[in-house]
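# Coordinates in review
One letter stands for each residue in the lines below.
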Amino acid sequence: MSIDSLIRNTIRTDVLAAPGYHVADASGFIKLDAMENPYPLPGHLAAELAARLANVALNRYPVASYASVKERICRQLGVPAGYDVLLGNGSDELISILDMACAHQDRRAVVLAPVPTFVMYARSAQFAGMDFVGVPLNDDLTLDKAAMLAAIAQHKPALVYLSYPNNPTGNLFDAGDVADIIRALGDTGIAVVDEAYEPFAQQSFMGRLPEFDNLVVMRTVSKLGLAGIRLGYMSAAPKLLEQLDKVRPPYNVNVLTQVAAEFALDNIDVLNQQAAILREQRAQLAEGLAAVPGVQVFPSAANFILARVPDADATNAYLLSRKVLVKNVGKMHSVLANCLRITVSTPEENAAFLDAFKASQAA
């Protein structure tokens, strides 16, 4: 027996054919490829957090209800009265929970989303044994509502994911269009509005949960400045959330994440101030990019900017030679041809990026 034959005989063929999810090594680079908050906790808060973490009982399982951190999320982050949240190990696990809950065994269920969008919607659907249907955005990156409604009527999806604002384009879809899509699903499909970038968009469907029984609002604390603790949360009608919670693994959020999240939410003003700084930096970075001849900058409500350049591959290669990491999304979809996604960072890192970027366009 060989390891190759073992793998062929046991691993699913679609998994064998799938590429791995590659994360670039960022050591020594200005890291503008992952939509992270560049600001650490202030020193006095970091010291206080360290003291709290030192007292965590690592020999015990987490409290399974996660009541204390959920209470803070509901109180601090705008969850409607009478609604609860379900926690996950980042948004990725929440997507997997949704897909597993809706992947019927007696029929092939469908996940639908506009494309291009967050790659994990399609990837998770595949691994859950569901079909993924992507509906292309308009050339200006807006939502093609007519095509979305036609696809819903044709495929009757169990889940529709709407990234709000969208990754990697950065734009907010029209709220009226999103509401029309939620209504079109009726009682045959769940609409998941993914608000990972809500701190930078400052627009949300969270307050509209009581209006739609088939709406799930999903968020993460990653973009707010806590990417390292891997915590996502979602809210929905209580009866729906109860069913989704059956799929959640027990103890899926570790005690260190729980304590760190509680501490951060107790100091939410600091994170909100950092988000406000990044919103200001977003406008300045967009202005700097737009001033470079031949560059098209798209509107962004996220903590990153999408820009089209004459040659994305050459620009990306030049930036790499200058130790600057951005995301080359030009090959994700035809509407993203020659596009780069740039995370908004500190004034110093933004300036260093702009200097390298300008040099790349002059080269």
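Quick caveat: nothing in here was measured; it's all calculated off a predicted structure. Just so you know, the residues in each chain are numbered from 1, in the order the chain's sequence is written. Only residues with pLDDT of at least 70 get local features here, since the model is predicted, and only at 80 or more are side-chain atom pairs given and counted; chain-wide, interface and lining totals rely on the full set of residues. Side-chain descriptors were evaluated using all non-hydrogen atoms of the structure, hydrogens and water having been removed beforehand.

### A few points about the layout of surface pockets
A cavity here means a set of 1 Å grid points, computed over protein atoms only, where a 1.4 Å probe fits but cannot escape. A pocket is an open set with protein on both sides within 12 Å along at least 5 of 7 lines, and lining residues have an atom within 4 Å of a point. Grid points are joined across faces, edges and corners, and a volume is the space filled by probe spheres set on the points. Its volume calculated, the largest pocket comes out at about 1300 Å³. Contributing to the lining of the largest pocket are 41 residues, with Tyr21, Asp33, Phe118, Lys327 and Arg341 lying nearest its centre. For helices the rule is a DSSP run of H or I covering at least 4 residues; for strands it is a run of E covering at least 2, with both sets numbered from the N terminus onward. Of all the elements in the fold, those that place two or more residues in the lining of the largest pocket are helix H5 (90-102), helix H6 (119-127), helix H10 (222-226), helix H14 (312-321) and strand E12 (327-328). Top contributing element to the lining of the largest pocket by residue count: H6, with six residues. Across the lining of the largest pocket, the residue classes break down as 19 nonpolar, eleven polar and eleven charged. The volume enclosed by the second largest pocket comes to roughly 310 Å³. When residues are grouped by polarity, Ala, Val, Leu, Ile, Met, Phe, Trp, Tyr, Cys and Pro land in nonpolar, Asp, Glu, Lys and Arg in charged, and all others, Gly among them, in polar.

### With respect to the packing of aromatic side chains
Side-chain rings of Phe, Tyr and Trp, where Trp is taken by its six-membered ring, are said to pair if the distance between their centres is within 6.5 Å; with planes under 30 degrees apart they count as stacked, over 60 as edge-to-face, and otherwise as tilted. Taken as a whole, this structure holds six aromatic pairs when the rule is applied. Between Tyr61 and Tyr251, the aromatic rings sit 4.6 Å apart at their centres with planes inclined by 15°, giving stacked as the arrangement. Placement of Tyr61 in the loop between helix H3 (43-54) and helix H4 (67-76) and of Tyr251 in the loop between helix H11 (238-245) and helix H12 (255-266) is noted, with a sequence separation of 190 residues between them. Seen from their ring centres, Phe118 and Tyr121 are 5.5 Å apart, and the 90° between their planes marks the pair as edge-to-face. Burial classes: relative accessible area under 20% of the type maximum marks a residue as buried, over 50% as exposed, and values in between as partly exposed (1.4 Å probe, protein chains only). Taking relative accessible area as the criterion, Tyr121 reaches 0% and is therefore assigned buried. These aromatic residues form a ring-pair network of at least three members: Phe118, Tyr121 and Tyr161.

### Structural notes on the sheet that holds strand E10 (residues 304-308)
Any two strands with at least two DSSP bridges between them are considered paired. Spatially, E9-E10-E13-E12 is the arrangement adopted by the four strands of the open sheet, whose pairing is antiparallel. The sheet is open, and its two borders are formed by strand E9 (296-297) and E12, each paired with just one other strand. Should any heavy atoms of two residues lie within 4.5 Å, those residues are counted as being in contact. All axes here are fitted lines through C-alpha atoms, helices being fitted over the stretch that makes contact, and every angle between N-to-C directions spans 0 to 180 degrees. Seen against the sheet, H14 touches E12 and strand E13 (339-343) and runs at an angle of roughly 35° to E13.

### Section: the environment of Asp266
Structurally, the position occupied by Asp266 is in helix H12. The partly exposed category is assigned to Asp266, whose relative accessible area is 37%. Sequence separation between Asp266 and Ala237 is 29 residues, and the spatial gap between their C-alpha atoms is 26 Å. Residues contacting Asp266, with those up to four places away along its chain left out, are Arg52 and Arg72.

### Quick notes on the side chain of Asn252
For Asn252, the location among the structural elements is in the loop between H11 and H12. Exposure remark for Asn252: the relative accessible area of 12% places this residue in the buried category. When sequence neighbours within four positions are dropped, the list of residues in contact with Asn252 reads Tyr66, Leu87, Gly88, Asn89 and Glu93.

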